[in-house]
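Listed below, chain by chain, are the residues.
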Amino acid sequence: ATILLGDWGRAARLVDIQTGRERAEMLGHEGKVTGCKLRTEMHTALTSSEDFTLKVWDIRRGIYKSFEAQDEVLDCCFIPNGTRLLGVCKDGKIG
């Protein structure tokens, strides 16, 4: 089993729960990572940051697609069907 951890720096890390070993480091944000979610069945992760972005990560390939917001993104989530995502911004907007 794997868990995704934000480190309050500019990275998120995939960690094996049983061994504690880091399996991957996701670098790409310019500000603190404020939220992270993992969809293991889709090999996808989602991170939010103070840098006004959400990033959707392809875990297997180590690449991401970035989405810009109008303010710091405080947290993020996948919509249950997996085809959409949400970010909550510091200015109170959800998008």
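Here's a quick rundown of the structure. (Residues numbered from 1 in each chain as written. Predicted model: local features only at pLDDT ≥ 70, side-chain atom pairs only at ≥ 80, totals over all residues. Heavy atoms only, no water.)

A word on a nonpolar patch on the surface
Which entries qualify depends on this criterion: Think of a patch as exposed residues, more than 30% relative accessible area, with no salt bridge, where like charges cluster within 9 Å and nonpolar side chains (Val, Leu, Ile, Met, Phe, Trp, Tyr) cluster within 5 Å. Note on areas: Shrake-Rupley, 1.4 Å probe, and residue coverage restricted to the protein chains presented here. A side-chain nitrogen of Lys or Arg and a carboxyl oxygen of Asp or Glu constitute a salt bridge if their distance falls within 4 Å. Numbering of helices and strands runs from the N terminus; a helix is a DSSP stretch of H or I covering at least four residues, while a strand is a stretch of E covering at least two. Burial classes follow relative accessibility: with a 1.4 Å probe on protein chains only, a residue under 20% of its type's maximum area counts as buried, one over 50% as exposed, and anything between as partly exposed.
A contiguous nonpolar surface patch, about 250 Å² in accessible area, is contributed by Ile3, Leu5 and Ile17. Structurally, the position occupied by Ile3 is in strand S1 (residues 2-6). Here Ile3 falls in the partly exposed class, since its relative accessible area comes to 36%.

Notes on the pairing of strand S7 (residues 63-68)
Every regular strand shows the same layout, with side chains that alternate between the two sheet faces. So the rule is basically this: By the convention used here, strands pair only if DSSP detects at least 2 bridges between them.
Bridge count between strand S6 (residues 53-58) and S7: 6 bridges; the pairing is antiparallel. Bridge pairing links Lys55 to Ser66 in S7. Counting the residues in the hairpin turn of S6 and S7 gives 4 residues, including Gly62, whose phi is positive at 70°.

With respect to the side chain of Thr44
Note the cut-off: The definition of a polar contact used here is a pair of N or O atoms within 3.5 Å, where within protein one atom must be able to donate a hydrogen and the other to accept one, and adjacent residues in sequence count solely through side-chain atom pairs. Should any heavy atoms of two residues lie within 4.5 Å, those residues are counted as being in contact.
If you trace the backbone, Thr44 turns up in strand S5 (residues 44-49). Within polar-contact distance, the side chain of Thr44 engages the backbone oxygen of Met42 at 2.8 Å. When near neighbours in sequence (up to four residues on either side) are disregarded, Thr44 contacts Lys37, Leu38, Arg39, Val56, Trp57, Ile59 and Phe78.

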